Amino acid sequence: MQKSIGNKVNCAVFISGTGTNLNCIIKNAKKKFFPIKVSLVISNKSDAFGLNYAKKNNIPTKVFSSLNMKSFEKKTLEELRRKKIKFICLAGFMKILSKKFIKKFGYNIINIHPSLLPKYKGLNTHFRVLKNKEKISGCTVHYISSKLDSGKIILQKKVKVKNNDTSISLQRRILKQEHILYPEAIKTIFS
Ligand code: GRF
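Everything numeric here is computed off the predicted structure, so don't read it as measured data. (Residues numbered from 1 in each chain as written. Predicted model: local features only at pLDDT ≥ 70, side-chain atom pairs only at ≥ 80, totals over all residues. Heavy atoms only, no water.)

J.: Mind showing me how you'd approach the domain arrangement of the protein chain here?
T.: It is common to report an interface's size as the accessible area lost on association of the parts. Splitting the protein chain by domain gives domain 1 (1-107) and domain 2 (113-147 + 155-191). A straight line from the C-alpha centre of domain 1 to that of domain 2 covers 21 Å. Each partner contributes residues to the interface: domain 1 has 22 residues there, and domain 2 has 14 residues. Each partner contributes to the roughly 1,600 Å² buried at the junction of domain 1 and domain 2, and carbon and sulfur atoms together form 75% of this total. (Domains from an automatic or database assignment. Contact = heavy atoms within 4.5 Å. Buried area = accessible area lost by both parts, 1.4 Å probe.)

Right, dumping it as structure tokens:
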């Protein structure tokens, strides 16, 4: 995707929960040479903690909770058009966007997932990694498709699994790496 010279790409971040990846994207986007500007945060949960990071940084938020997916996508597309959003980062967004939505928006949608895709798509990633006695796990930033945690991979980061790891300790270590990987992947896309 091309960025007009001197301008940042207008971006929306979609969240459902804690929003630590959102926070790290906001922090990076404040830097002069980072390619995107976060102009909108969309949540499907009214109590998503991540909304606080948007508010703290004076970024407009929209909450579309208790809607079915069709209405959610319709309202969201309207809002994205109103705000002239050209790029979407999913950050802990717990819904699957439809093929129609992805096409209508123009495919510029990326996601972060806490595993080395294509391994361990879906939920309870760290638990399954430990159960299978994997030595290495990690995180992936990828374009989205209408299939869960699929789509072209942009960047990955490996994290060693320790003998005494629990799901929580592994999740914490991987999340730290996610905060490095996500901004790197955004830079890679626009370089
Ligand atoms: C992250 O582990 C991300 O990879 C996954 O959901 C989690 C969201 O964390 N998709 P946060 O809301 O960004 O803190």
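J.: Please explain the environment of Cys11 as it appears in this structure.
T.: Looking at where Cys11 falls in the secondary structure, it is placed in strand β1 (residues 9-15). Sequence separation between Cys11 and Ile154 is 143 residues, and the spatial gap between their C-alpha atoms is 18 Å. Leaving out residues up to four positions away in the same chain, Cys11 has contacts with Ile36, Lys37, Val38, Ser39, Leu40, Ile85, Phe87 and Cys89. (Helix = DSSP H or I, 4+ residues; strand = E, 2+ residues; numbered from the N terminus.)

J.: Can you help me understand helix α3 (residues 69-82) in this one?
T.: The periodicity of an α-helix, 3.6 residues per turn, causes residues three or four places apart in sequence to face the same way. Here α3 spans 20 Å end to end across 14 residues, near enough to the 20 Å set by a 1.5 Å rise per residue. Contact partners of the buried residues in α3: β1, β2 (36-43), β3 (61-63), β4 (87-90) and α4 (99-105). Looking one or two residues past α3, Lys84 carries a phi angle of roughly 55 degrees, positive in sign. (Expected span 1.5 Å × (residues − 1).)

J.: Help me out: how do you make sense of the site of the ligand in this one?
T.: Surrounding the ligand, one finds Thr18, Gly19, Thr20, Asn21, Gly92, Ile112, His113, Pro114, Leu175 and Glu178. Note that an oxygen atom of the ligand is positioned 2.7 Å from one of the backbone N or O atoms of Gly19. Within the side chain of Thr20, a nitrogen or oxygen atom sits 2.5 Å from an oxygen atom of the ligand. Protein chains bury 82% of the 370 Å² of accessible surface belonging to the ligand in isolation. Broken down by secondary-structure element, the contributors of at least two residues to the shell around the ligand are α1 (20-29), β5 (109-113) and α6 (167-190). Looking at the shell around the ligand residue by residue, the class counts come to three nonpolar, six polar and one charged. In terms of domain composition, the shell around the ligand takes at least three residues from each of domain 1 (1-107) and domain 2 (113-147 + 155-191). (Near = heavy atom within 4 Å. Polar contact = N/O pair within 3.5 Å; in protein donor to acceptor, adjacent residues only side chain to side chain. Areas by Shrake-Rupley, 256 points an atom, 1.4 Å probe, with all protein chains shown as cover. Nonpolar A, V, L, I, M, F, W, Y, C, P; charged D, E, K, R; others polar.)

J.: How do you make sense of the pattern of salt bridges when you look at a structure like this?
T.: Opposite charge on two side chains lets them pair, provided their charged atoms get close. A complete count under the given rule lists five salt bridges for this structure. Residue Glu78 pairs with Lys74 through a salt bridge whose shortest N-O separation is 3.5 Å. Note that Glu78 and Lys74 are positioned in helix α3 at a spacing of four residues, about one turn of the helix. Looking at Glu78, the relative accessible area reads 36%, which means it is partly exposed. Residue Lys74 is classed as exposed on the basis of its relative accessible area of 57%. For Asp165, the salt bridge is made with Arg173, and the minimal N-O distance between the two is 2.7 Å. Taking relative accessible area as the criterion, Asp165 reaches 10% and is therefore assigned buried. On the basis of relative accessibility, which here comes to 23%, the residue Arg173 falls in the partly exposed class. Several salt bridges share partner residues, and in doing so they unite Glu79, Arg82 and Lys83 into one network. (Salt bridge = Lys/Arg side-chain N within 4 Å of Asp/Glu carboxyl O. Buried < 20%, exposed > 50% of the residue type's maximum accessible area, 1.4 Å probe, protein only.)

J.: Could you clarify how one ought to interpret α6 in this entry?
T.: Taking 1.5 Å per residue as the helical rise, α6 with its 24 residues ought to reach 34 Å, and the 34 Å between its terminal C-alpha atoms agrees with that figure. Taken as a whole, α6 carries its principal kink of about 25 degrees at Glu178. Taken together, the buried positions of α6 are Leu170, Ile174, Glu178, Leu181, Tyr182, Pro183, Ala185, Ile186, Ile189 and Phe190. (Bend = angle between axes of the 7 residues up to and from the residue.)

J.: Which parts of the structure should I look at to understand the side chain of Glu73?
T.: Considering the arrangement of structural elements, one finds Glu73 in helix α3. For Glu73, which is buried and forms no salt bridge, the nearest opposite charge comes from Lys100, at a distance of 7.4 Å. In contact with Glu73, other than residues within four places in its own chain, are Ile96, Leu97, Ser98 and Phe101. (Lys, Arg positive; Asp, Glu negative; His and termini not counted.)

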